[in-house]
Amino acid sequence: MAEYLGGIKDPHVRIHKITPPGPDGYDFVIHYTDYNEGSYTKKRFISSHIKRYEVVTSEKKSSDYSLTWGLAGYLAGGVLGAAVGAVLGGSSSTVKKHVVFCELRNGWQFALALSDNELDIWKIYMKK
């Protein structure tokens with residue numbers, strides 16, 4: 001499942017989850033509450049609002065330290081860097097993890113963790 005790693009700094013906005021398209025789904029969706037506009041949950045389709053994105057992929061082996069992991073932590077910095085490090089870090093056997101840095105037209109910038117399958121779907125939807 002797509003995972004929101006952080007990045008939106010508006011204290012009035014709370015991100016609940018990111019959902020990928022399913023059998024009945026239309027798009028990757030951000031489920032959020034903007035407390036300036038009420039206390040109910042809203043949805044925003046990412047592909048309709050995406051300005052740009054960048055994918056950082058890590059392939060990690062049990063005793064390997066990935067250059068991508070260090071680069072992602074450095075670029076993201078702060079709390080977001082720690083979140084990226086947590087996702088890309090760890091000591092499992094060979095695992096691919098993808099972190100997608102996104103910017104929407106409304107100025108929101110955030111990072112997502114996606115599986116291989118979700119990344120393939122992401123690239124299809126973001127071309128639309």
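Nothing here was measured: the structure is a model prediction, and the numbers come from that model.

J.: Let's hear about the pairing of strand E4 (residues 42–45): which residues, and what values?
T.: Burial of the side chains of E4 is restricted to one face: Lys42 and Arg44 are buried, whereas none of Lys43 and Phe45 on the reverse face is. Pairing analysis gives four bridges linking strand E3 (residues 29–34) to E4, with the strands arranged antiparallel. The partner of Val29 across the bridge, within E4, is Phe45.

J.: Can you break down the side chain of Glu103 residue by residue, with the values?
T.: In this structure, Glu103 sits in strand E6 (residues 95–104). By relative accessible area, which is 11% here, Glu103 ends up buried. A distance of 2.8 Å separates polar atoms of two side chains, one belonging to Glu103 and the other to Arg52. What Glu103 contacts, discounting residues up to four positions off in sequence, is His49, Ile50, Lys51, Arg52, Trp108 and Gln109.

J.: Kindly report on the nonpolar core, identifying the contributing residues and their values.
T.: With 21 residues, the main nonpolar core has Ile30, Ile46, Trp108, Phe110, Leu114 and Trp122 as its most contacted residues. Top contributing element to this core by residue count: helix H4 (residues 116–126), with four residues. Leave out the neighbours within four places in its chain, and Phe110 touches Tyr4, Gly6, Gly7, Ile8, Ile30, Ile46, Val100, Phe101, Cys102 and Leu104. Of all hydrophobic cores here, the second largest spans six residues; its members include Val56, Phe101, Ala111 and Ala113.

J.: Residue-level account of the packing of aromatic side chains, with values.
T.: Counted according to the given criterion, the structure contains six aromatic pairs. Their ring planes at 90° and their centres at 5.6 Å tell us that Tyr53 and Trp122 sit as a pair that is edge-to-face. You can see Tyr53 sitting in strand E5 (residues 50–60) and its partner Trp122 sitting in helix H4, a full 69 residues away along the chain. Relative accessible area serves as the criterion here: at 0%, Trp122 is assigned to the buried category. Cluster of aromatic residues (ring-pair linked, three or more members): Phe28, Tyr53, Trp122 and Tyr125. The residue whose ring lies beneath Arg44 is Trp108, and the NZ or CZ to ring-centre distance is 5.0 Å.

J.: Provide a residue-level description of the confidence of the model for the protein chain, including the pertinent values.
T.: On average, residues of the protein chain score 80 in pLDDT, and 69% of them reach the 70 mark or higher. By mean pLDDT, the top-scoring element of the protein chain is E3 (95), and the lowest-scoring one is helix H2 (residues 67–76) (54). The low-confidence segment residues 61–65 (pLDDT under 50) makes seven contacts with residues lying over four places distant or belonging to another chain.

Thresholds applied
- Residues numbered from 1 in each chain as written.
- Predicted model: local features only at pLDDT ≥ 70, side-chain atom pairs only at ≥ 80, totals over all residues.
- Heavy atoms only, no water.
- Buried < 20%, exposed > 50% of the residue type's maximum accessible area, 1.4 Å probe, protein only.
- Helix = DSSP H or I, 4+ residues; strand = E, 2+ residues; numbered from the N terminus.
- Pairing = 2+ DSSP bridges.
- Polar contact = N/O pair within 3.5 Å; in protein donor to acceptor, adjacent residues only side chain to side chain.
- Contact = heavy atoms within 4.5 Å.
- Core = buried A, V, L, I, M, F, W, Y, C linked by side-chain atoms within 4.5 Å.
- Phe/Tyr/Trp six-rings, centres within 6.5 Å; stacked < 30°, edge-to-face > 60°.
- Lys NZ or Arg CZ within 6 Å of the ring centre and 35° of its normal.
- pLDDT = per-residue confidence, 0-100.

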